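What the coordinates show
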Amino acid sequence: MRRSPRDTAISARRISRRGLILGGAQLAFMGVLGARMRKMQVEEADAFRLLADENRINIRLIPPARGQIFDRNGVVIADNEPSYRIVMVREDVPDVEAMLDTLSGILPLSDEDRERALKASRATPLLPVTIVDRVTWDDVSRVAVNAPALPGVAPEVGLSRIYPLGPEFAHVAGYVGPVSDRDLARYEDPPPLLRIPRFQVGKVGVEAQLESVLRGVAGTKRVEVNNTGRVMRELDRTEGTPGADLQLTVDHQLQSYVQARLGEESASAVVIDCETGDLLAIASSPTYDPNKFVEGISVADYGALRDNDRRPLASKTVQDTYPPGSTFKMATLLAGLEAGLVGPNDTVKCNGFLEISGRKFHCWKRAGHGNVDLERSLKESCDVYYYDLALKVGIERITAMARRLGLGERHGVPMSAESAGVAPTREWKRSRFGKDWVIGDSVNASIGQGFVATTPLQLAVMTARIATGRAVSPRLVKTVDGAEQPTGAGAPLDLNENHLRLVRKAMYAVSNDRRGTAYGSRVIADGLRIAGKTGTSQVRNITAEERRRGVTRNEDLPWERRDHALFVNYAPADAPKIAVSVVVEHGGGGSTSAAPIARDITLQALYGEDPPLDAYPTKDREKIRRQQAELKKLRRDSERPGSGNRA
Amino acid sequence: MSYLEYSVKYVPSGLRKVLYLNWPLAFLIVAVACIGFLMLYSVAGGSYSPWADTQIKRFAVGFVLMLVIAMVPIWFWRNMALLAYAGTVLLLVAVEFTGATGGGAQRWIDLGFMRLQPSEAMKIALVLLLAAYYDWLPIQKTSRPFWVLLPIVIILVPTALVLSQPDLGTAVLLLTAGGIMMFLAGVHWAYFATVLAGIGGLVTAVFLSRGTDWQLLKDYQYRRIDTFLDPSSDPLGAGYHITQSKIALGSGGWGGRGFMQGTQSRLNFLPEKHTDFIFTTLAEEFGFLGAISLLVLYGLIIVFCITSALSNRDRFSSLLILGVATTFFLFFAVNMSMVMGLAPVVGVPLPLVSYGGSAMLILLIGFGLVQSAHVHRLR
């Protein structure tokens, strides 16, 4: 068909008009698109750039290496070792179950590990998941060799704490562990470092007390991640500061000996340097292996430690308080001497008891000591002499003297749960028990019973102060990051030197006079003789019922009701270098169970090794020889370096 | 109007036709395609495989095809219009059938060297048929109800088939392109006003009835509409994609982050970065300058098409050129709106840039028709 030219013209015009409208509309819309681009890319570009960076840049913390802990001779007590673990990146693992099957053919994989890995991979699909922790280098190599069969699985290395000396320093250095909710609760605003998976913090002992020194400062690195959170590259990093190294005052040889010597007794011993207050050994037994806690102790192992009635977890040297018993008599005596209420030649007649306001206070020696002067009172530990003295001196002066000698106060040793102990006063009793002080309380306190409570550390400090006449205070940390810490030499105590000399002479007699209570544990090597004092603190009185049944001696009682045995001494007697305190819980008498241990420790400390047998009295030498051999074997056996890795 | 009306003596013949091609348009097409190759090279992390090399080959084939189509007289293509339309509808039905037996939504037919999507081919076939229809239809009848209804059926048949695939994006594109063709042909304003008012009324009714006893849709359907309208209400699904896309675009800034330095695309925060979201990579790496440059190139293509259409005295040619240009426009307008967060996410590629064979081939065929109309225009 044909169409008239007019027709065509109309049609062309219409198309022109509508085509132009359409073209205009299209160009207008492109203008909108362009404006939108300009708004987003020019005006809001910075905001979008920020969002893009937020997308891709993650700030990760670099955990600082924890400071090491050394003994006074530079032997490592707490170290960091590389710890290997096998991780998987979920997005790269095609089939987790199959991968775990393959992996279990390569390294030991417990059902527990499997479960945990499966659970974790479901919970955090974007982050690397630890499959097994603390694998050996061999396992790492095997995984590396089998890498093609294990896509998405890789070994990772981190630092973990290890205590090469194992149980010897468990109570001093303590241990670290993974951050717990309780650790976080201690901070108002927990440092982000603590959120690093598997970060370790001090839980107990020096590790906990000096956490801030040992921890160091975290570094940061900025990494670029992809949409699945995987790290593509590191953009930059700011190195942190590793924690400061600590050097303790403890001598690991001596500590090891002391620990072995205490054995499985529930006991504790402190060796303090009289000059500087350095704690050369501070041991509590039984002990435990801190490495087990770092690795995550099993419920069974922990239960065994917790339920043991000898309390291996307690740092008995600083945390437990005991009535000091007769070791307190020096304080009472010095209080009397300083008050001028007693002289060296004043005597008291001991009939085996003293009756005060109708109540009989017994001497440990029921038959009585007869006439007792100052030296004899300490040497033979006559109680009646001190009862009498207490009546004259009064509790205020006794307590004041105890405080001056370092009892009843904390010494700030960075170990866990240091106790202050009790040097009782009238006000203390009233506020604590709501009762008035009675004379009997003073009488009991005079011989270190009743309300008096001291830690083994305090007893060692007291002995050092008597030996030097200065306010020696204990020091556990020798250097921090190489900087020597102030010593505990202390100022003079301002006690009359003549009075101190009288007390020291009496203490010498305790260990060296034929009638002294510790004569059996004397040292005969010239220049190394010791001056000490025995103590026996009652856990509980023997009841009238038991007395009727014929139980009169301590040994007849069950273990947990026997008396604590204590001994304090300093040595050498003529030029004191060290002071020692030993407490054996439920050990019976101080002279029989604590004094021999203290003597062995003293000689070991003074010689720096096993002392020659002729330092001992002839009749003891055979026994000592056997004991030395036994301990040597014991210590050699325990000298295997602890291993944090899985066997 | 028949081919007898063409003044053959004015039309170049033989190889001389090459001189009469719309060369600026051809260069613009090549330029846009080259931007595409560059971006595909970039999103592959600086590698020709897997996308850029394949895309270059497809473009080469498509470009030659465009030239071949341009050499064939335009009246031949007008005569092929109904055949092309009918054939494509049959292919759509065939795809529907094989898709059903295949147990899933299959939208393509394997041609050996590429997979052809009949729904893409329909975009050109529909324009071709409508142009031919309005060329054939006496102008006086254009706005008569019956002659308005017929093209509506022509549009709705393939739209319905595409919608059942389901491919909402293409369906909307077909509907819009068809409507615009009718508008260009001179259908009376009142029809468009009625349809637009009807759609407006329906949408209002649907939204107003929500929460009442007589609501028109089920609750889950409303929730789908919510997500469709506001992607941020579904931050892990469609919302995540659009958010990341906007971040990539915006962070490009004025000059961009540099070739292959776009963090959003390189670190996979962008979805579909080689296909539907490739524009964001361009905008991220070359910034506002790069993005606006592409927009200007697209605009020039549209301008050259409109100029060519308006200077062509043949009704079929004009309608065809404007239809192809409109289809082209709808591609990039919808795609850019989508990645800039102006439109909901529908699967529409960026024309000549996104990786994909069907869309590129169909567009080059369309431009072949435009060139043919240009070469064989009345002078």
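Residues numbered from 1 in each chain as written. Chains lettered and ligands numbered in written order. Predicted model: local features only at pLDDT ≥ 70, side-chain atom pairs only at ≥ 80, totals over all residues. Heavy atoms only, no water.

Turning our attention to the overall build of chain A. When its secondary structure is counted, chain A shows 23 helices and 23 strands. In summary, chain A has a C-alpha radius of gyration of 37 Å against a globular reference of 26 Å for 647 residues, an excess of more than 25%. If one aligns the C-alpha atoms of chain A with their principal axes, the spans along those axes are about 155 × 55 × 50 Å. Taking all 647 residues of chain A together, the buried fraction comes to 52%. Long-range contacts, defined here as pairs at least 24 residues apart, represent 71% of the contacts in chain A between residues at least 6 apart. (Helix = DSSP H or I, 4+ residues; strand = E, 2+ residues; numbered from the N terminus. Rg over C-alpha atoms; globule rule 2.2 N^0.38 Å. Buried < 20%, exposed > 50% of the residue type's maximum accessible area, 1.4 Å probe, protein only. Contact = heavy atoms within 4.5 Å.)

Residues and elements named next belong to chain A. Pairing is antiparallel across the open sheet formed by 3 strands, whose spatial order is 1-9-10. Each edge of the open sheet carries a strand with a single partner, namely strand 1 (57-62) and strand 10 (231-238). Direction aside, the axes of adjacent strands within the sheet are offset by 30° on average. Here strand 9 (residues 219-225) pairs with strand 10 via 6 bridges, running antiparallel. Bridge assignment links K221 to a residue of strand 10, and that residue is R237. (Pairing = 2+ DSSP bridges. Axes fitted to C-alpha atoms, helices over the stretch in contact; angles between N-to-C directions.)

Looking now at the interface of chain A and chain B. Facing 41 residues of chain A, the contacting portion of chain B comprises 62 residues. Where chain A abuts chain B, roughly 4,500 Å² becomes buried across the two surfaces, and 66% of that area is made up of carbon and sulfur atoms. Where chain A touches chain B, the interface holds 1 salt bridge. Put simply, E224 of chain A and R266 of chain B hold a salt bridge, and the shortest N to O gap is 3.5 Å. Taken together, the connections running from chain A to chain B amount to 9 residue pairs in polar contact (both at pLDDT 80 or more). Every element with two or more residues in the side of chain A that touches chain B is listed here: helix 1 (5-43), helix 2 (45-56), strand 9 and strand 10 of chain A. The element best represented in the side of chain A that touches chain B is helix 1 of chain A, accounting for 24 residues. When its residues are assigned to classes, the side of chain A that touches chain B shows 18 nonpolar, 11 polar and 12 charged. (Buried area = accessible area lost by both parts, 1.4 Å probe. Salt bridge = Lys/Arg side-chain N within 4 Å of Asp/Glu carboxyl O. Polar contact = N/O pair within 3.5 Å; in protein donor to acceptor, adjacent residues only side chain to side chain. Nonpolar A, V, L, I, M, F, W, Y, C, P; charged D, E, K, R; others polar.)

Turning next to the side chain of N80 of chain A. The residue N80 of chain A is located in strand 3 (residues 76-88) in this model. With sequence-adjacent residues up to four places away left out, N80 of chain A is seen in contact with A65, R66, Q68, L159, S160 and R161 of chain A.

So, on to the pairing of strand 13 (residues 267-273) of chain A. Residue and element names in this part refer to chain A. For strand 13, the buried fraction is high: 7 of the 7 residues fall into the buried class. Both faces of strand 13 are covered, namely the face carrying A267, A269, V271 and D273 and the face carrying S268, V270 and I272. Pairing analysis gives 6 bridges linking strand 13 to strand 14 (residues 279-285), with the strands arranged antiparallel. What sits directly across from V271, in strand 14, is A281. In this structure, the hairpin formed by strand 13 and strand 14 is closed by a connection of 5 residues, where G277 is found at a positive phi of approximately 80°. For strand 13 and strand 23 (residues 578-584), the ladder comprises 7 bridges, and the chain directions are antiparallel. The residue bridging V271 from the neighbouring strand is V580, located in strand 23.

The terminal C-alpha atoms of helix 13 (residues 357-375) of chain B lie 26 Å apart, and with 19 residues this matches the ideal 27 Å at 1.5 Å per residue to within 8%. Most of helix 13 of chain B sits inside the fold, with 18 of its 19 residues counted as buried. (Expected span 1.5 Å × (residues − 1).)

All names here are of chain A. Scanning the model with the defined rule gives 46 salt bridges over all chains in all. For the salt bridge of E622 with R626, the shortest nitrogen-to-oxygen distance reads 3.7 Å. Placement of the pair is E622 and R626 together in helix 23 (residues 621-637), with a separation of 4 residues, close to one helical turn. The partly exposed category is assigned to E622, whose relative accessible area is 42%. The class for R626 is partly exposed, based on a relative accessible area of 47%.

Each assigned domain of chain A is listed here: domain 1 (84-156) and domain 2 (252-299 + 317-637). On a C-alpha basis, the centres of domain 1 of chain A and domain 2 of chain A stand 57 Å from each other. (Domains from an automatic or database assignment.)

Okay, the environment of K619 of chain A next. All names here are of chain A. Relative to the assigned elements, K619 resides in the loop between helix 22 (590-607) and helix 23. Since its relative accessible area comes to 64%, K619 is described here as exposed. Residues K619 and G520 lie 99 residues apart in sequence; the distance between their C-alpha atoms is 10.0 Å. At 3.3 Å, the side chain of K619 forms a polar contact with the side chain of D620.

We now examine the confidence of the model for chain B. All names here are of chain B. In the predicted model, chain B carries a mean pLDDT of 86, and the fraction of residues at 70 or more is 90%. By mean pLDDT, strand 1 (residues 109-110) is the weakest element of chain B at 70, and helix 1 (residues 23-43) is the strongest at 95. Per-residue pLDDT stays below 50 along residues 100-104; that stretch engages in 1 contact with residues further than four places along the chain or on separate chains. (pLDDT = per-residue confidence, 0-100.)

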